[in-house]
Amino acid sequence: MNANCKSYSLPTRLYRLTLSAAVLVLAGCAPRQSDRSPGGTEASDGPSNVGTPVPREDGDADAGRDVFRFETFGNERFWTDAVRLPAGMMAAKVTPLQALQLGLHIDVDALDPATRRTLTEQLRADPSGKSSALLNDPKTTIAAINANAVIGMPVKDANGDGVMDVTKGDKVGASCALCHTITDKSAFDMPNGGSIGKRQDGRATHTLNVGKIFATAANSRALYPVLQLTLAANGGKTLGRAPTGLTETSTEEEVDAYLSNPKFYPVGMFDDSFDGNGDPMHNTPLFRQDLAAPFGSEGTIARLDNFSNLVYTGLFDQTTLTTPGGRAFLHQLGGAAGDEIADDYVKVLAATGVTGYPFVKAAPHPKAGTEEAPLGVRVNNASLLNMNAYLAGLRAPPGAKVDEQMADRGRELFRTSGCTDCHNVDQSKLVPAFILPMKRIFPGDAPVVLAQRMPPLNPVENTPSSIFDDKMAVVNASIRGEKRGIAMPLLLDLARKPVFLHDNSVPTLDELFDSKRGPNAPHPFYLSAPKERAAVIEFLRGLDTR
């Protein structure tokens, strides 16, 4: 949706499409473009003006845990009848070992006692799992799904017989836990993949291969709105990692090739915006959401429950985009390009035999087109507020064990090198609620205007030489009258992160802080001395909310 947008008005509270919370995880220093600690910099524990987050309303946290883990609001019909993910997995005879290689996690407590005992015995004999009869049997995958043990893929008793069995008509949906829960690996850990153990909710699934999982579905074409597209309204141009975009006539094989290619759809990322661009972003944590606001890496959603509603009504059932409310939303964001996405999607659904949509169970909302109901509908509000409470109170993981003396040195460097212009030293404090302008976080930003839009939106624009700003080309905080830029992250659970920046462009913290990346790179806030970088990294790895 990156060009030729017609002029239109947009309610100022129509917000960002995203599955992740406001945690870009820049994990670095604040905006002072220097490769050395500036002389005479006054020590600080955080920004002087942190902004004002919107108040949050909470429900029951215990009920919210079940919403986070198992609620679908009917999206199992989208994933089972439209995308046909279970059918694809069964046709491919996906084994538990292969599911773990895809980055999926299995809740050991949900497995029946006999399966747990057998699995323990087999892994004791061969800790790699390669010779495990259970882990190499596709039937075990089905049994795990039926037991609600595959995290983030809840099964629903669609035929009402009281027995969960996806081979006999029951359906599998998606929950927030898919991208935001791992296990403690107490039973098994797949290198660079998933694990089997006890749930650890809220933690980002850094090794989840979302693209490959989607490609396993029998009808991945039903994910059309979140693919990298070539649109006639954009003059046949495309925006994303792939050199060419997909169209409504692209075959299943072509869609699967795009989704399966880690150069186009990297591991640990999810394309959470239906803008026609290929702009997946790295999965982010969802613990301690009482500290995080606004939501979305671009800071375009003010309230947590509104963020969750858009996930359920849009991303977890994309067919809602074909409704009048969904079409209005796409048109407001992209004009003719948005209209084309909706029209083409209807063609794709018809060509692949998808009927009876939309599937999500949501009610019309009196504030259609606002943050409360961007697509004109809202799922059960009590459930959203219950999940608010659970995510707000969900404890952050402890920091890594670090060298205390080195971490103390890193803390002082963090306080005196400009990092606290944007970040707090104390991670138990609210994340600063301001938006960092794109030019400040990315000095090399030199966007080309692709289309004009009516205020408060900025023009659709993109820096051709970089993928860093692709997420902000169409959807950004200008939707609510703010800047096109970046929201501040929680600096937590960083020791477990394998890559940095939302576009996966920096492989290590040391490289993030190394001035070799250049003054125009994204997040160009550096420490030239290796010992100083090591100290700051030690400090960051040990951060928690204690």
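Cut-off values and rules
Residues numbered from 1 in each chain as written. Predicted model: local features only at pLDDT ≥ 70, side-chain atom pairs only at ≥ 80, totals over all residues. Heavy atoms only, no water. Helix = DSSP H or I, 4+ residues; strand = E, 2+ residues; numbered from the N terminus. Rg over C-alpha atoms; globule rule 2.2 N^0.38 Å. Buried < 20%, exposed > 50% of the residue type's maximum accessible area, 1.4 Å probe, protein only. Contact = heavy atoms within 4.5 Å. Lys, Arg positive; Asp, Glu negative; His and termini not counted. Charge placed at Lys NZ, Arg CZ, Asp CG, Glu CD. Pairing = 2+ DSSP bridges. Arc of directions from axis to C-beta. Expected span 1.5 Å × (residues − 1). Polar contact = N/O pair within 3.5 Å; in protein donor to acceptor, adjacent residues only side chain to side chain. Axes fitted to C-alpha atoms, helices over the stretch in contact; angles between N-to-C directions. Phe/Tyr/Trp six-rings, centres within 6.5 Å; stacked < 30°, edge-to-face > 60°. Lys NZ or Arg CZ within 6 Å of the ring centre and 35° of its normal. pLDDT = per-residue confidence, 0-100. Salt bridge = Lys/Arg side-chain N within 4 Å of Asp/Glu carboxyl O. Disulfide = S-S within 2.5 Å.

Before going further, it helps to examine the overall build of the protein. When you go through the protein residue by residue, the secondary structure sums to 17 helices and 15 strands. Taken over the C-alpha trace, the protein has a radius of gyration of 23 Å; the compact-globule value for 546 residues is 24 Å, and the two agree within 12%. C-alpha extents for the protein along the principal axes are approximately 70 × 60 × 45 Å. The buried share among the 546 residues of the protein stands at 62%. Partitioning the contacts of the protein with sequence separation of at least 6, the portion at a separation of at least 24 is 74%. For the protein, the distance from the average position of its 56 positive side-chain charges to the average position of its 62 negative side-chain charges is 2 Å.

Quick look at the sheet that holds strand β6 (residues 195-197) now. Read across the sheet, three strands follow the order β1-β6-β5 without closing on themselves; strand pairing throughout is mixed. In this open sheet, the two strands that pair with only one neighbour each are β1 (106-107) and β5 (188-189). Bridge count for β1 against β6 is two bridges, and the pairing is parallel. Looking at β6, one finds that D107 is bridged to G197.

Attention now moves to helix α9 (residues 252-260). Along α9, the positions that sit buried rather than exposed are E252, V255, D256, Y258 and L259. Angularly, the buried residues of α9 cover 160° about the axis, an arc narrow enough to put them on a single face. Against the buried residues of α9 lie α8 (210-216).

Taking 1.5 Å as the rise per residue, helix α13 (residues 381-393) with 13 residues should run 18 Å; its terminal C-alpha atoms sit 19 Å apart, in good agreement. Counting buried positions along α13 yields ten of 13 residues, so the element is predominantly enclosed. All of the buried residues in α13 are S383, L384, L385, N386, M387, N388, A389, Y390, L391 and A392. In this structure N380 caps α13, since a side-chain oxygen of it lies 3.1 Å from the backbone nitrogen of A382.

Let us now look at the packing of helix α11 (residues 324-334) against helix α12 (residues 336-351). Relative to each other, α11 and α12 sit at 145°, their axes nearing to 6 Å. Mapping the contact onto sequence places R327, L330, H331 and G334 in α11 and A336, A337, G338, D339, I341, A342, D343 and V346 in α12.

Let's shift gears to the packing of aromatic side chains. Taken as a whole and assessed by the stated rule, the structure comprises 13 aromatic pairs. When the centroid spacing of 5.5 Å and the interplanar angle of 65° are considered together, the rings of F442 and F468 count as edge-to-face. Here F442, found in the loop between α15 (438-441) and β13 (448-451), pairs with F468, found in the loop between β14 (460-462) and β15 (485-487); they are 26 residues apart in sequence, far enough to count as distant. Judged by relative accessible area, which is 4%, F442 ranks as buried. Within the aromatic cluster, the residues linked to one another by ring pairs are F78, W79, F214 and F270. The residue whose ring lies beneath K497 is F500, and the NZ or CZ to ring-centre distance is 5.4 Å.

Within the secondary structure layout, A232 lies in the loop between α8 and α9. Considered as a pair, A232 and T95 are 137 residues apart in the sequence and their alpha carbons are 41 Å apart.

Right, let's talk about the confidence of the model for the protein for a bit. Here the protein averages 91 in pLDDT, while 92% of its residues score no lower than 70. Low pLDDT (under 50) marks residues 2-40, which in the prediction has 199 contacts with non-local residues, meaning those over four places away or in another chain.

Here we come to the pattern of salt bridges. Under the definition given, this model contains 28 salt bridges. As a salt-bridge pair, K347 and D344 come within 3.9 Å of each other at their nearest N and O atoms. Here the residue K347 and the residue D344 both occupy positions in helix α12, the gap between them amounting to three residues, near one helical turn. Here D344 falls in the buried class, since its relative accessible area comes to 4%. Across the pair D469 and R484 runs a salt bridge, and its minimum N-O distance is 3.1 Å.

The next thing to look at is unusual backbone geometry. Apart from glycine, the bulk of residues carry a negative phi angle, and the bulk of peptide bonds sit in the trans form. For the bond from A293 to P294, the omega torsion is -5°, close enough to zero to count as cis. Between Y357 and the following residue, P358, the backbone shows a cis peptide bond with an omega angle of 0°. Backbone geometry places F73, a non-glycine residue, at a positive phi of 50°. In this fold, F73 is placed in the loop between α1 (61-70) and α2 (76-82). When its relative accessible area of 7% is taken as the criterion, F73 is described as buried. Even without being glycine, N192 reaches a positive phi, approximately 60°.

Linking two cysteines covalently via their sulfur atoms produces the bond known as a disulfide. One pass over the full model with this rule turns up zero disulfides. In this model C176 remains outside any disulfide bridge; the closest cysteine sulfur is found in C179, 9.1 Å from its own. Taking the relative accessible area as the measure of exposure, C176 reaches 7% and is therefore buried. Of all cysteine sulfurs in the structure, the one in C419 sits closest to C422, which takes part in no disulfide; the separation is 9.3 Å. Judged by its relative accessible area of 4%, C422 is buried.

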